[in-house]
Amino acid sequence: MEEGKKQSHNARMQRKKEVVDAAIERAQEERGIVILITGNGKGKTTSAFGTLYRALGHGHRAGVVQFIKGTQATGEVVFLRQHPASAAVQYHAMATGFTWNTQNWDTDKRAADEAWAQAASMLADPALNLVVLDELTYMLKYNYLDTATVVDAIRARPSMQTVIITGRAAKPELLELADTVSEIADCKHAFKAGVKAQPGIDF
């Protein structure tokens, strides 16, 4: 690279550093946050479990409730159960499969209520640094759970507890509640091109 371009690059990086340093200086509040990972793209649950494993790496305790999923073993859960760190995780799966497979609202409602009871207990536990509510958005979309009840429980959680919510079609109440919202877009997906879902990649 030419010397002049190097100097210009260094100047840009210095300005960027000043902006980043100022942002870090402003962010001094310490509390748990609500993270919402939504959108039609692939990777919402995977992202949540990535943060779970990050938390475990720091010695944190966590709770996980998987709504909808649970009838098929996923790599994330298999690994968690095999790992010694699983002792620091409370785990519950609704284990009814996808609602479009069961096609039984009453059965799904009972399973949702049981799963929510587990989630509510976790949200009230100050010993848990992180609570993952995987696919919770579906429970609200199909009215298996009352949105106001869920929002109130999350708001009332211990101050240092972080909550991660995943799922498509997040309700406006969740968007308003969340401190961080990531929307994963569905730009392209191998499954739509006829590629079979693969263990270790897709589940």
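Now for a look at the structure at hand.

Calculation criteria
Residues numbered from 1 in each chain as written. Predicted model: local features only at pLDDT ≥ 70, side-chain atom pairs only at ≥ 80, totals over all residues. Heavy atoms only, no water. Helix = DSSP H or I, 4+ residues; strand = E, 2+ residues; numbered from the N terminus. Buried < 20%, exposed > 50% of the residue type's maximum accessible area, 1.4 Å probe, protein only. Salt bridge = Lys/Arg side-chain N within 4 Å of Asp/Glu carboxyl O. Phe/Tyr/Trp six-rings, centres within 6.5 Å; stacked < 30°, edge-to-face > 60°. Core = buried A, V, L, I, M, F, W, Y, C linked by side-chain atoms within 4.5 Å. Contact = heavy atoms within 4.5 Å. Pairing = 2+ DSSP bridges. Axes fitted to C-alpha atoms, helices over the stretch in contact; angles between N-to-C directions.

1. Notes on unusual backbone geometry
Step number 1: With phi around 65 degrees, Glu135 is a residue other than glycine that occupies positive phi space.
Step number 2: Within the secondary structure layout, Glu135 lies in the loop between strand E4 (130–134) and helix H6 (136–141).
Step number 3: Overall, the relative accessible area of 9% leaves Glu135 in the buried class.
Step number 4: Of note, the phi angle at Ala169 is positive, near 50 degrees, even though the residue is not glycine.
Step number 5: Topologically, Ala169 is positioned in the loop between strand E5 (162–166) and helix H8 (172–177).

2. A closer look at the pattern of salt bridges
Step number 1: The full count for this structure, using the stated rule, is five salt bridges.
Step number 2: Salt-bridge contacts for Arg31 lead to Glu29; the nearest nitrogen and oxygen are separated by 2.9 Å.
Step number 3: Here Asp179 and Arg31 are joined by a salt bridge, their closest N and O atoms 2.8 Å apart. Here the residue Asp179 occupies a position in the loop between H8 and strand E6 (180–183), and Arg31 occupies one in the loop between helix H1 (3–26) and strand E1 (34–38), the gap between them amounting to 148 residues.
Step number 4: According to the relative accessible area criterion, Asp179 is partly exposed, its value standing at 37%.
Step number 5: Owing to a relative accessible area of 38%, Arg31 belongs among the partly exposed residues under this scheme.
Step number 6: Through salt bridges with shared partners, one network takes in Glu29, Arg31 and Asp179.

3. Digging into the packing of aromatic side chains
Step number 1: Under the definition given, this model contains five aromatic pairs.
Step number 2: Ring geometry for Tyr53 against Phe79: centres 5.7 Å apart, planes inclined by 80 degrees, an arrangement best described as edge-to-face. In this pair, Tyr53 is assigned in helix H2 (residues 44–57) and Phe79 in helix H3 (residues 75–82), connecting sequence segments 26 residues apart.
Step number 3: Cluster of aromatic residues (ring-pair linked, three or more members): Trp105, Tyr138, Tyr142 and Tyr144.

4. Quick look at the nonpolar core
Step number 1: In this structure, Phe67, Leu133, Met139, Leu145, Ile154 and Ile165 are the most contacted members of the largest nonpolar core, which totals 31 residues.
Step number 2: Looking at this core, the elements with two or more residues in it are E1, helix H5 (105–123), E4, H6, helix H7 (147–155), E5 and H8.
Step number 3: Considering each element in turn, this core owes the most residues, seven residues, to H5.
Step number 4: When near neighbours in sequence (up to four residues on either side) are disregarded, Leu145 contacts Phe67, Ala112, Asp113, Trp116, Leu136, Met139, Leu140 and Val150.
Step number 5: Within the second largest apolar cluster, 16 residues are counted, among which are Ile37, Ala55, Leu80 and Val89.

5. With respect to the sheet that holds E4
Step number 1: The six strands lie next to each other as E3-E2-E4-E5-E1-E6, forming an open sheet whose pairing is parallel. Pairing within the sheet leaves two strands with one partner each, and these edge strands are strand E3 (89–93) and E6. Taking the axes of each pair of neighbouring strands and ignoring which way they run, one obtains an average angle of 10 degrees across the sheet.
Step number 2: When strand E2 (residues 62–66) meets E3, the two strands line up parallel, connected through five bridges. Following the sheet pairing, Ala62 is matched in E3 by Val89.

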